[in-house]
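As a plain string of letters, each chain reads:
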Amino acid sequence: ANDLNRFSDSSLIDMYSKCGCFKEACRVFNGCGSGVVDLVSKNAMVAACCKEHKLEMALDVFWREPELNDIVSWNTLISGYAQNGYEEESLRLFLCMAESGIGWNEHTFASLEKEVHAWVLKNEISLNPFISSGIVDVYCKCGNMKYVESVHTTIGNGNCYAITSMIVGYASQGNMVETRMLFDSLPEKNSVVWTALFSGYVRSQQCEVVFELLCEFYAKEATLPDAVILLNLLSICAIQAALGLEKQIHAYLLRVGIEMDEKLITALVDMYSKCGSIAYAEKIFQRVIDRDLVIYNVMITSYAHQGHENEAIQHFEEMVEKGVRPDAVTFLAFLSACRYSGLVEQGEKIFLSMRKDFNVLPETNHYACMIDLYGRTNQLEKVVAFMRMVQIELDAAILGAFLNACRINENTVLAREVEEKLLSSVGDDRAQYVQFANVYATEGNWDDMGRIRKKMRRKEVKNKFAGCSWIYVENGVHTFTSSDTSHSKT
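Here, residues in each chain are numbered from 1, in the same order as that chain's written sequence. A pLDDT threshold of at least 70 governs which residues receive local features in this predicted model, and a stricter bar of 80 or more applies before side-chain atom pairs are shown or counted, although totals over entire chains, interfaces and linings include all residues. Side-chain metrics in this entry use all non-hydrogen atoms of the structure; hydrogen atoms and water are not considered.

### Quick word on the overall build of the protein chain
Piece 1. Each helix is a run of DSSP H or I of at least 4 residues and each strand a run of E of at least 2, with the numbering of both proceeding from the N terminus. On a plain count of helices and strands, the protein chain comes out with 27 helices and two strands.
Piece 2. Only protein chains enter the accessibility calculation, which uses a 1.4 Å probe; a residue is then buried when its area is under 20% of its type maximum, exposed when over 50%, and partly exposed in between. Expressed as a percentage of its 490 residues, the buried residues of the protein chain come to 44%.
Piece 3. The criterion used for residue contact is that any of the two residues' heavy atoms lie within 4.5 Å. Residue pairs in contact within the protein chain that sit at least 24 positions apart in sequence constitute 56% of those at least 6 positions apart.
Piece 4. When the accessible surface of the protein chain is summed, it comes to about 26100 Å², and 52% of that surface belongs to carbon and sulfur atoms. Accessible areas in this description were obtained via Shrake-Rupley with a 1.4 Å probe; residue shielding takes into account the shown protein chains only.

See the structure below:
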């Protein structure tokens, strides 16, 4: 009842404030819970005071029972001062927030960015290197790179702190051309900029560049790469399935005595399994004494994708026995193992167990996995029945799995029923159009196949990327497509 009353109070304060009835908002707040202030109502009242330009009153409410203040309380007050033209005071509150032990988030920075920058320009202190780099850092954290470029033009290239923030900002957005230019402009590189550069290239999956950057790092730096750089290298090895290189990195970790924390060990297991060396992954996994959910998920997913359903199920049962509670990722991996192996009963059992025994709600991919399982085992009647019990919106993933089941079972009647809804939801994704065309072609229905092809041309559906293979030879990745003769050694 108390929680309900507090919710009602905060909602009333918010409503009266938005309607311009500030006195009524004050009356509700002052009558809250017989003088006991709750956090939600307090935050709503601070916001109402700021909206009415009553900043002293906002500050008084804010400091009433200060131990209640959370990140929302601070952000509300900082934003209120900044929007009312008290930029210097909002900066003081910003620093005070950090001193109080409450960390900043993106909303804190968003509250400060333009107002504080205007105050800095007005007071002609933008040439102060600490202040200008702080402004750049704020804009980068807000993803506002246009303002970053504007500040950079004003302060020039002399501020290495600002350049570092810009490198991190551009790398996080995948703009690796700007990132590299800024990186090269620094006379001395620290671990922050190296890590940002590695992370940016990994995020944009520029694998060859990552390997070249590693060679550059070894040539220029006397220090060892830090844990984040090593995690990035392991990730790129997993993407490229470069088993030889990953063994070199693993040997390097052991040789120089880098402490293997949970993240590095899990990354190693993931890397070996994705490179097809599941035996190496299992050896590392078995050496881990305190296994957490993440490393179990990696192993179960790896076994599922490589068709080792018995090992996947065994690891699932082991984690449950040891009290590690499975999550949505675990169940998806388990269902994938059942799907690839046609284990209908096991799949049905675990799908029902998700909600019943572990209180994990099925998501889109879980439903799609079950539909695909029924489709692969030629149980189209179960697919139809299952579609009726799906408790979320039928999106492209679920409808795509249903279409694939129709294709496997050569049932164009059911496929046609979902055609309009599926094609409207996938936009310009070529794969689903091709799948529909193939369904009709399998039946010999050339008219409908031609109709789908015309739709593709009319909507200018994008061509899919060509399938390719690659090998890692002599410190380089060599990529080939079908019948490719462009490589110098072919």
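Having seen the structure, we can now continue with the description.
### A closer look at the confidence of the model for the protein chain
Piece 1. On average, residues of the protein chain carry a pLDDT of 79, and 76% of them reach 70 or more.
Piece 2. Per residue, pLDDT measures the predictor's confidence, with a range of 0 to 100. Per-element confidence in the protein chain is highest for helix α22 (residues 364–376), whose mean pLDDT is 94, and lowest for helix α7 (residues 106–122), whose mean pLDDT is 58.

### What to know about helix α13 (residues 207–220)
Piece 1. A helix is expected to reach a length of 1.5 Å times the quantity of its residues less one. Compared with an ideal rise of 1.5 Å per residue, which puts 14 residues at 20 Å, α13 spans 20 Å between its outermost C-alpha atoms and is within 8% of the ideal.
Piece 2. Listing the buried residues of α13 in full gives C207, V210, F211, L213, L214, E216 and F217.

### A word on the side chain of S17
Piece 1. With respect to the helices, strands and loops of the structure, S17 is situated in helix α1 (residues 2–18).
Piece 2. In this structure S17 comes out as buried when scored by relative accessible area, which is 8%.
Piece 3. Those residues in contact with S17 that sit more than four places away from it in its chain are A25, A48 and K51.

### Remarks on the packing of α22 against helix α23 (residues 380–389)
Piece 1. Only the stretch in contact is used when fitting a helix axis, every axis being a line fitted to C-alpha atoms; angles between N-to-C directions are given from 0 to 180 degrees. Remark: α22 packs on α23, axes separated minimally by 8 Å, with the N-to-C direction vectors making an angle of 160°. As the angle between them shows, α22 and α23 are arranged roughly antiparallel. By crossing handedness, the relation of α22 to α23 is classed as right-handed. Along the contact surface, α22 presents Y367, M370, I371, Y374 and G375, while α23 presents K382, V383, F386 and M387.
Piece 2. Any residue that is not Ala, Val, Leu, Ile, Met, Phe, Trp, Tyr, Cys, Pro, Asp, Glu, Lys or Arg is counted as polar, Gly included; the first ten are nonpolar and the last four charged. Here the residues of the contact of α22 with α23 sort into seven nonpolar, one polar and one charged. Geometric relationships in this document are graded by angle, where less than 35 degrees denotes roughly parallel, more than 145 denotes roughly antiparallel, 65 to 115 denotes roughly perpendicular, and other angles denote oblique. It is the rotation of the near helix from the far one that decides the hand of a crossing: anticlockwise by less than a right angle makes it left-handed, clockwise makes it right-handed.

### Notes on the packing of aromatic side chains
Piece 1. Centre distance within 6.5 Å is the pairing criterion for rings of Phe, Tyr and Trp, where only the six-membered ring of Trp is used; planes under 30 degrees apart are then read as stacked, over 60 as edge-to-face, and the remainder as tilted. Counted under the stated rule, the structure contains 17 aromatic pairs.
Piece 2. Taking 4.8 Å as the distance between ring centres and 70° as the angle between the ring planes, the aromatic pair formed by F316 and F334 counts as edge-to-face. Of this pair, F316 sits in helix α19 (residues 309–321) while F334 is found in helix α20 (residues 328–341), placing the two residues 18 residues apart along the sequence.
Piece 3. Of the residues examined, F334 reaches a relative accessible area of 3% and is grouped as buried.
Piece 4. Ring geometry for F351 and Y367: centres 5.6 Å apart, planes at 65°, overall edge-to-face. Within this pair, whereas F351 is found in helix α21 (residues 344–358), its partner Y367 is found in helix α22, the two being separated by 16 residues in sequence. No difference in accessibility class separates F351 from Y367, as the two residues are buried.
Piece 5. Through pairs of rings, three or more aromatic residues link up here, namely F183, W194, F198 and F217.
Piece 6. In this structure, K283 is placed above the aromatic ring of Y280, and the distance from its NZ or CZ to the ring centre is 5.8 Å. A ring is scored as having a charge over it whenever the NZ atom of a lysine or the CZ atom of an arginine sits within 6 Å of its centre and within 35 degrees of its normal.

### Let's talk about α19
Piece 1. Here α19 spans 18 Å end to end across 13 residues, near enough to the 18 Å set by a 1.5 Å rise per residue.
Piece 2. Residues A312, I313, H315, F316, E318 and M319 constitute the buried set of α19.
Piece 3. Lining the buried residues of α19 we find α17 (278–287), α18 (293–305), α20 and α21.

### As for the pattern of salt bridges
Opposite charge on two side chains lets them pair, provided their charged atoms get close.
Piece 1. Should a side-chain nitrogen of Lys or Arg be within 4 Å of a carboxyl oxygen of Asp or Glu, the pair is scored as a salt bridge. In total, this model carries 10 salt bridges according to the counting rule given.
Piece 2. Here E348 ties to K382 by a salt bridge, and the two come within 3.0 Å at their closest N and O atoms. Of this pair, E348 sits in helix α21 while K382 sits in helix α23, and the two are 34 residues apart along the sequence.

### Thoughts on the packing of α18 against α20
Piece 1. At their nearest, the axes of α18 and α20 sit 8 Å apart, and the two run at 15° to each other. Compared by their axis directions, α18 and α20 come out roughly parallel. For the crossing formed where α18 meets α20, the hand is left-handed. Across the interface between the two elements, L293, N297, I300, T301, A304 and H305 from α18 touch V329, T330, A333, F334, S336, A337 and Y340 from α20.
Piece 2. Looking at the contact of α18 with α20, its residues break down into eight nonpolar, five polar and no charged.

### A short note on the environment of V210
Piece 1. Here V210 is to be found in helix α13.
Piece 2. Classification of V210 by relative accessible area gives buried; the value is 0%.
Piece 3. The sequence separation of V210 and F198 amounts to 12 residues, and the corresponding C-alpha distance is 6.4 Å.

### Concerning a negative patch on the surface
Piece 1. Residues qualify for a patch when their relative accessible area is over 30% and they have no salt bridge, like charges being joined within 9 Å and the nonpolar side chains of Val, Leu, Ile, Met, Phe, Trp and Tyr within 5 Å. We score Asp and Glu as negative and Lys and Arg as positive, and we do not count His or the chain ends. Just so you know, the charge point we use is NZ for Lys, CZ for Arg, CG for Asp and CD for Glu. On the surface, E259, D261, E262 and D290 cluster together into a patch of negative charge.
Piece 2. Tracing the sequence through the fold places E262 in helix α16 (residues 262–274).
Piece 3. Overall, the relative accessible area of 54% leaves E262 in the exposed class.

### What to know about the state of the cysteines
Piece 1. Cysteine sulfur atoms that come within 2.5 Å of each other are treated as a disulfide pair. Tallying each qualifying case throughout the model produces zero disulfides.
Piece 2. Distance from the sulfur of C369, which forms no disulfide, to the nearest cysteine sulfur (C338) is 8.2 Å.
Piece 3. Among the residues examined, C369 registers a relative accessible area of 2% and is labelled buried.

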